[in-house]
Amino acid sequence: MAALFKAGKALGLCVSGCRSLSSLAELPEMHQMMRQTCRDYADRELGPIAGKLDKEHLFPAQQVRELGAMGVMAVEVPEALGGAGMDYLAYSLAVEEISRGCGSTGCVVSVNNSLYIGPILKFGTQKQKEQWITPFTTGEKVGCFALSEPGNGSDAGAASTLARQEGEEWVLNGTKAWITNSWDASATVIFATTDKSLKHKGISAFLVPMPHPGLSLGKKEDKLGIRATSTANLILEDCRIPLGNMLGSRGSGFKIAMQTLDSGRIGIASQALGIAQAALDCAADYAHKRTAFGAPIGKLQAVQFKLADMAVAVESARLLTWKAAMLKDAKKPFTKEAAMAKLAASEAATFCGHQSIQVLGGMGYVTDMPAERHYRDARITEIYEGTSEIQRLVIAGQLLKEYAS
Amino acid sequence: MSRVLVGVKRVIDYAVKIRVKPDQSGVVTDGVKHSMNPFCEIAVEEAVKLKEKKFIKEVVAVSCGPSQVTETIRTALAMGCDRGIHVEVSGKDYEAMGPLQISKIFAALAKKEEASLVILGKQAIDDDCNQTGQMTAALLDWPQGTFASEVTIDGETVKVVREIDGGLETIKISMPAVLTADLRLNTPRYATLPNIMKAKKKKIANMKPADLGVDMVSRVEVLRVDEPPTRLAGVKVETVDDLVAKLKANGTI
């Protein structure tokens, strides 16, 4: 009986979060307008150059500035600090539409909003917010997030980067790996161990400007996809920062990282949705135009079934993403839903990328069509900000808690 | 100082493939994506720029049609217009609505709002009439600067560079005046997210044509709408002589 009651309570929690389900069918007017503005920008300014950005590994600096002017680089930041002052649902829509135009640009937007600005907005002092958020709302500067190390990705608690106090300074030593935006960033939120004996409770978060003495960048990784973003190691050798650069309290770094990644997951889910949708758009358009066996290939059931499966995968992942965003906006727990959204959306993106190439046949394999880029861009979404395996652990953990007796 | 009226028309989006209705009475509009007429976007941008340069105090966005046109007015508000006016026209009146009725509405509003300028797009991409601006000016007996590719306000006069067949013509007209925007007048801005938020709070007033003393009766009746004839494949020729011979043979030259 007790177990049933607890399960029912858990269900109730879900139901009350679902009261906003009606708005899943049709978004509020403001969100629709915002979505349309981002879509127009993506269609006109990103779509035409996405191939070039990918081929030449070019950071879209001009476009990031334009997006900054529109408020897209700081969607959730209050207007007083220079942001757009909108909610997380609006942010999710913005990232999806931008990613649909260019997966790399969507990644830059997401990392700046969720991973860099996110933790400072939540855990920073007013002075830190003004110093480290406001200049990063305009698109002139972007930030990055340094948690992973060569020795640990999923195993975030094993951070071996060390921070010791020397007088009025923190001195950081260690190496961070796979840092998105590294070569283009002007600051980083970085995690280092301040008390080794406390294990993951001994990790703290710091704010470091870039460039900075004692902080150097490794070589740019040559990636499969999202090639317009720079990914590299951050190497800290006696990197000195003022005591005031600690973000949050000492020892709360792991908590900050986990909470930041929770929200970041909705951003990555949105990026994956954009890539998946772009792949679906490409395949559906091709199905109309390409003829074989005397008719457009869209008439063949084999193609129709693929398109249908792609559409279901995208739409269901989208609804999961919107639900997670709406729960967050309602200040309700959203860890499980965010993990579900990221898992569903990233797997939808790789599925759609794969099937899109299949629908295009030989044309899908060459760079003349964007299908191969979507396939390559999609792949990272199952890995960063928590691998699909970690997402499954998070979901199972939350689920089992709900059913615990 | 001044108030500017800007007309914004809700039209089928430029990227949509248009289909004629089976009964040939018009084109399919149900479920089709609509957006602001591109020339109206340029008109809004120009009005907002004039306000930012402090030549005018207030920009009022006006649209005529059923309830859906409020979306178009909100987009204009998000681009920087101060308030909107929705002139409700629906059903048969809306289907028959044309430049004559619209210009009568704008003329009445221009007087009512004491506007110094009425800025419209040079034409709408659905009917391509290119008449509303000109008719509005005539009804008001105001000067007009049409096909504007550059607008400069100097005190009580406006210098307008117009795109005409022979090149560019520069005229000076006194305010109040009607201007119509051509393609190269400016590049419309993307609505910023904060402005979209602000647009929610801006007012849109509702009224009917009758409130302005305008009768919507149309003097034009659409008899039939057809698809353009299907383009036939071309013919390739080897030499210029062949080309000339073929053109002579089919009576072109």
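Remember, predicted model here, so these are calculated numbers, not experimental data.

A. Here's a closer look at the overall build of chain A. Each helix and strand counted, chain A has 13 helices and 10 strands in total. Relative to the 2.2 N^0.38 estimate, which gives 22 Å for 405 residues, the radius of gyration of chain A is 21 Å and therefore close to what a compact globule would have. By its C-alpha atoms, chain A is 80 × 60 × 40 Å across when sized along the principal axes. When each of the 405 residues of chain A is scored for burial, the buried share is 52%. Of all intrachain contacts in chain A linking residues separated by at least 6 positions in sequence, the fraction that spans at least 24 positions is 75%. Within the structure as shown, chain A displays about 17300 Å² of accessible surface, and the carbon and sulfur contribution to it stands at 58%. Between the centroid of the 43 positive side chains of chain A and the centroid of its 41 negative side chains there is a distance of 5 Å.

B. Up close: the overall build of chain B. Helix and strand counts for chain B stand at seven helices and 11 strands. With the C-alpha coordinates of chain B rotated into their principal frame, the extents come out at 65 × 45 × 40 Å. In chain B, the proportion of contacts linking residues at least 24 apart, taken out of those at least 6 apart, comes to 70%. Put simply, chain B shows about 14000 Å² of open surface, and 52% of that area lies on carbon and sulfur atoms.

C. Inspection of the confidence of the model for chain B at higher detail. Looking at chain B, pLDDT values average 94 and 100% of them are 70 or higher. In the model output, the complex is listed with pTM 0.87 alongside ipTM 0.80.

D. Structural context of the layout of surface pockets. In this structure, the second largest pocket spans a volume of roughly 1500 Å³. Lining of the second largest pocket is provided by 44 residues; of these, Gln36 and Asp40 of chain A together with Lys33, His34 and Ser35 of chain B occupy positions nearest its centre. When residues of the lining of the second largest pocket are traced back to their parent elements, those giving at least two are helix H3 (29-55) of chain A together with strand S2 (10-12), strand S3 (34-36), helix H1 (38-52) and helix H2 (69-79) of chain B. Tallying contributions element by element places H3 of chain A first for the lining of the second largest pocket, with 11 residues.

E. Main features of the packing of aromatic side chains. Overall, the coordinates contain five aromatic pairs over all chains when judged by the stated rule. Their ring planes at 70 degrees and their centres at 5.0 Å tell us that tyrosine 41 of chain A and tyrosine 190 of chain B sit as a pair that is edge-to-face. Pair noted here: tyrosine 41 of chain A is in helix H3 and tyrosine 190 of chain B is in the loop between strand S10 (177-181) and helix H6 (193-199), and the two residues belong to different chains. Note on tyrosine 116 of chain A and phenylalanine 136 of chain A: the rings are 4.8 Å apart at their centroids and 45 degrees apart in plane angle, and the pair reads as tilted. With tyrosine 116 of chain A in helix H6 (residues 103-123) and phenylalanine 136 of chain A in the loop between helix H7 (126-132) and strand S1 (142-146), this residue pair connects regions lying 20 residues apart in the sequence. Comparing tyrosine 116 of chain A with phenylalanine 136 of chain A, the two get one shared label, buried. Its end group placed over the ring of tyrosine 88 of chain A, lysine 328 of chain A keeps NZ or CZ at 4.0 Å from the ring centre.

F. Quick peek at the UniProt feature "domain: Electron transfer flavoprotein alpha/beta-subunit N-terminal" (unreviewed entry) in chain B. Taking the UniProt record as the reference, the feature "domain: Electron transfer flavoprotein alpha/beta-subunit N-terminal" (unreviewed entry) is found at residues 24-216 of chain B. End C-alpha to end C-alpha, residues 24-216 of chain B measures 23 Å, and it is 32% helix and 30% strand.

G. Quick peek at the interface of chain B and chain A. Contact residues are listed per partner, giving 15 residues for chain B and 20 residues for chain A. Across the chain B to chain A interface the summed buried area is about 1500 Å²; carbon plus sulfur atoms make up 67%. By the criterion of area lost to chain A, the three top residues of chain B are Tyr190, Leu193 and Met197 of chain B, representing 47% of everything that side buries. Linking chain B with chain A are two salt bridges.

H. Seen up close, helix H13 (residues 388-403) of chain A. Its 16 residues give H13 of chain A an end-to-end C-alpha distance of 23 Å, which sits within 8% of 22 Å, the value for a rise of 1.5 Å per residue. Buried residues belonging to H13 of chain A abut helix H8 (253-289) and helix H10 (335-360) of chain A.

I. Looking closely at the packing of helix H5 (residues 88-101) of chain A against H6 of chain A. Residues and elements named next belong to chain A. Two elements in contact, H5 and H6, have axes whose closest approach is 6 Å; the angle formed by their N-to-C orientations is 155 degrees. By the criterion of interaxial angle, the relationship of H5 to H6 is roughly antiparallel. Judged by residue contacts, Tyr88, Tyr91, Val95, Ile98, Ser99 and Gly101 of H5 engage Gly103, Thr105, Gly106, Val109, Ser110, Asn113 and Ser114 from H6. For the contact of H5 with H6, a count of residues per class yields five nonpolar, eight polar and no charged.

J. Spatial organisation of the nonpolar core. With 80 residues, the main nonpolar core has Met34, Val72 and Met86 of chain A together with Val44 and Leu117 of chain B as its most contacted residues. Of the residues forming this core, the biggest block, nine residues, is contributed by H3 of chain A.

K. Geometry of the side chain of threonine 231 of chain A. Residues and elements named next belong to chain A. Structurally, threonine 231 is set in strand S7 (residues 231-242). Its relative accessible area of 6% is what places threonine 231 among the buried residues. A distance of 2.9 Å separates a polar atom in the side chain of threonine 231 from a polar atom in the side chain of lysine 223.

L. Representation of the UniProt feature "domain: Acyl-CoA oxidase/dehydrogenase middle" (unreviewed entry) in chain A within the structure. Per the UniProt entry, the sites bearing "domain: Acyl-CoA oxidase/dehydrogenase middle" (unreviewed entry) are residues 144-239 of chain A in this numbering. The span residues 144-239 of chain A is 0% helical and 50% strand by assignment, and the distance between its end C-alpha atoms comes to 17 Å.

M. A nonpolar patch on the surface, seen in detail. Taken together, the side chains of Met363, Tyr365 and Val366 of chain A present a nonpolar region at the surface, about 320 Å² in accessible area. Position of methionine 363 of chain A among the secondary structure elements: in helix H11 (residues 362-365).

N. Unusual backbone geometry, seen in detail. The linkage connecting methionine 210 of chain A with the following residue, proline 211 of chain A, adopts the cis geometry, with an omega of 0 degrees. The residue proline 211 of chain A is located in the loop between strand S5 (203-209) and strand S6 (215-217) in this model. In this model, glutamate 114 of chain B sits at a positive phi of 50 degrees, which is unusual for a non-glycine residue. Unusually for a residue other than glycine, aspartate 128 of chain B sits at a positive phi of about 55 degrees. Positionally, aspartate 128 of chain B belongs in the loop between strand S6 (117-121) and helix H5 (132-140).

Quick notes on the rules
Residues numbered from 1 in each chain as written. Chains lettered and ligands numbered in written order. Predicted model: local features only at pLDDT ≥ 70, side-chain atom pairs only at ≥ 80, totals over all residues. Heavy atoms only, no water. Helix = DSSP H or I, 4+ residues; strand = E, 2+ residues; numbered from the N terminus. Rg over C-alpha atoms; globule rule 2.2 N^0.38 Å. Buried < 20%, exposed > 50% of the residue type's maximum accessible area, 1.4 Å probe, protein only. Contact = heavy atoms within 4.5 Å. Areas by Shrake-Rupley, 256 points an atom, 1.4 Å probe, with all protein chains shown as cover. Lys, Arg positive; Asp, Glu negative; His and termini not counted. Charge placed at Lys NZ, Arg CZ, Asp CG, Glu CD. pLDDT = per-residue confidence, 0-100. 1 Å grid on protein atoms, 1.4 Å probe; cavity = no way out; pocket = protein on both sides within 12 Å on 5 of 7 lines; lining within 4 Å. Points joined across faces, edges and corners; volume = space filled by probe spheres on them. Phe/Tyr/Trp six-rings, centres within 6.5 Å; stacked < 30°, edge-to-face > 60°. Lys NZ or Arg CZ within 6 Å of the ring centre and 35° of its normal. UniProt positions renumbered as here; feature names shortened; annotations may be inferred. Buried area = accessible area lost by both parts, 1.4 Å probe. Salt bridge = Lys/Arg side-chain N within 4 Å of Asp/Glu carboxyl O. Expected span 1.5 Å × (residues − 1). Axes fitted to C-alpha atoms, helices over the stretch in contact; angles between N-to-C directions. Parallel < 35°, antiparallel > 145°, perpendicular 65-115°, else oblique. Nonpolar A, V, L, I, M, F, W, Y, C, P; charged D, E, K, R; others polar. Core = buried A, V, L, I, M, F, W, Y, C linked by side-chain atoms within 4.5 Å. Polar contact = N/O pair within 3.5 Å; in protein donor to acceptor, adjacent residues only side chain to side chain. Patch = residues over 30% accessible without salt bridge, like charges linked within 9 Å, V, L, I, M, F, W, Y side chains within 5 Å.

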